[in-house]
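Remarks on the overall topology
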Amino acid sequence: MSFASLSLHSDLLVVLESLNYQTPTPIQLEAIPEVLAGHDVLAGAQTGTGKTAAFALPIIHRYLTQYAQNDKKVIRTLVLTPTRELAQQVHQSFVKYSEGLGFSSVVAYGGASINPQIDALNKGCDVLVATPGRLLELAIKELIDLSAIETLVLDEADRMLDMGFINDINRILKRLPESRQTLFFSATFNDEVFALSKTILKTPKLIEVAERNATAAKIEQLFYEVDTKRKAAMLAYLIGSKNWQQVLIFPRTKQAVDELVKEIAKDGIKAAGVHGDKSQGARDRGLEEFKSGKVRALVATDVAARGLDIKELQTVVNFELPYSAEDYIHRIGRTGRAGQEGIAVSLISHKEKYLFEEVKKLTGEAFMMQWFPGFEPDFMAQEEEERGK
């Protein structure tokens, strides 16, 4: 099966060929025809399987087939994402897929100056990719016109609900035309996503190309029990002994990110930290240094779990398991992308074992905990820790 078999515009097929996109992924094969047909869609697929192209390609196709390139630019498509990083990634995908086709995309997100975003919008665009907060700011100030929206995309809808965006989403929906196509794309489904989908999707097509909430098949997942105080030392040892040249590391808190960057630096490992308190410029620099190899490790909170698209990233480490098992899936989904192999290592303290059980319950996998030689847990210390509660 080829992209040509999906009846995409010939000019778009030329761009895809130049990008060496030859065979659609399963989510693209199932979703693109439904989007082209104008149906509402509720689609789930593992991260790294091409969800963005599954909605971006038919949207660009629609522009090429329905509108003249000299038509006035109005926002016909709105894509909402939970994080700045994901907004940037989706915007860059639209730019890449539509190069030379006259299609224009603008990205708007908080934590950065609003003026350049306003300037870009004033020049006109076909698709706006935005985070909910910044979009509402633009709408309340009457700096954008949403009256021509034909397609609304909620990318990573579950994450937006986890981050408390439900009120913002409802306020945005009131500003959009009732007659529109609405697309939900996410790596995980939960009850909240289904409840929201029932309120704003009209007879949607449900697309699931893998077992719900499954992890990518080519990611090797390893779980090590280790005392909290020895985690940093074990992490540094693994990076050095395994010769990991590029590793993405997830603690749970902003403070833990900053502390871990300093701690592993003592072992000669250059690292950059990314979390919500850092400016957008600092976050962009950290990510660019990581991608270019200037730093070996990127330490990030879950704000970066969605939207980080790093080519051929092989290793992800859960320095601390997330409180939400769904976030585990998204974290490790930063590796093993586009069918490649990857490794996900989780360092689990005695107090985190219940979170490990939640991961097993969600994924349906019978994962086994291991001990790493030289970093075996100290059960006497655990007992003292329990007594000290």
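Before going into details, it helps to say that this report is about the structure given with it. (Residues numbered from 1 in each chain as written. Predicted model: local features only at pLDDT ≥ 70, side-chain atom pairs only at ≥ 80, totals over all residues. Heavy atoms only, no water.)

1. What about the overall build of the protein chain?
Regarding its fold elements, the protein chain presents 15 helices and 14 strands. Long-range pairs, those at least 24 residues apart, make up 75% of the contacts in the protein chain with a sequence separation of at least 6. (Helix = DSSP H or I, 4+ residues; strand = E, 2+ residues; numbered from the N terminus. Contact = heavy atoms within 4.5 Å.)

2. As for the layout of surface pockets
What the second largest pocket holds in volume is close to 400 Å³. Lining the second largest pocket are 20 residues, and of these Thr228, Lys231, Ala256, Phe319 and Glu320 lie nearest its centre. When contributions to the lining of the second largest pocket are tallied by element, the ones reaching two or more residues are α10 (231–241), α11 (254–265) and α14 (353–363). Ranked by residues supplied to the lining of the second largest pocket, first place goes to α11 with 5 residues. Residue classes in the lining of the second largest pocket are distributed as 7 nonpolar, 4 polar and 9 charged. (1 Å grid on protein atoms, 1.4 Å probe; cavity = no way out; pocket = protein on both sides within 12 Å on 5 of 7 lines; lining within 4 Å. Points joined across faces, edges and corners; volume = space filled by probe spheres on them. Nonpolar A, V, L, I, M, F, W, Y, C, P; charged D, E, K, R; others polar.)

3. What to know about the packing of helix α1 (residues 10–18) against helix α3 (residues 51–66)
The contact between α1 and α3 brings their axes to 9 Å, and the two run at 140°. Between α1 and α3, the crossing angle belongs to the class labelled oblique. Two secondary-structure elements touch here, α1 through Asp11, Leu12 and Leu16 and α3 through Leu57, Ile60, His61 and Leu64. (Axes fitted to C-alpha atoms, helices over the stretch in contact; angles between N-to-C directions. Parallel < 35°, antiparallel > 145°, perpendicular 65-115°, else oblique.)

4. Topic: the pairing of strand β1 (residues 41–44)
Burial along β1 is two-sided: Val41 and Ala43 facing one way and Leu42 and Gly44 facing the other are all buried. Pairing of β1 with strand β6 (residues 181–186), which is carried by 4 bridges, proceeds in the parallel orientation. Note on β6: the bridge partner recorded for Ala43 is Phe185. Where β1 meets strand β7 (residues 205–208), 4 bridges bridge the pair, whose relative direction is parallel. Bridge pairing in β7 places Leu42 opposite Leu206. (Buried < 20%, exposed > 50% of the residue type's maximum accessible area, 1.4 Å probe, protein only. Pairing = 2+ DSSP bridges.)

5. Points about the nonpolar core
Soluble globular proteins tend to pack their nonpolar side chains together in the buried interior. Of all hydrophobic cores here, the largest spans 38 residues; its most connected members are Phe55, Leu57, Phe94 and Phe185. Those elements that place two or more of their residues in this core are α1, α2 (26–36), β1, α3, α4 (84–97), β4 (127–130) and β6. For this core, the element with the most residues is α3, which contributes 9 residues. (Core = buried A, V, L, I, M, F, W, Y, C linked by side-chain atoms within 4.5 Å.)

6. Re helix α13 (residues 325–332)
Across the 8 residues that make up α13, a large majority, 8, are buried. Considered for burial, the residues of α13 that qualify are Ala325, Glu326, Asp327, Tyr328, Ile329, His330, Arg331 and Ile332.

7. Quick word on the environment of Glu289
Checked against the element boundaries, Glu289 lands in helix α12 (residues 280–292). In this structure the C-alpha to C-alpha distance between Glu289 and Ala271, which are 18 residues apart in sequence, comes to 9.1 Å. Contact partners of Glu289, with chain neighbours within four places excluded, come to Ala272, Lys294 and Val295.

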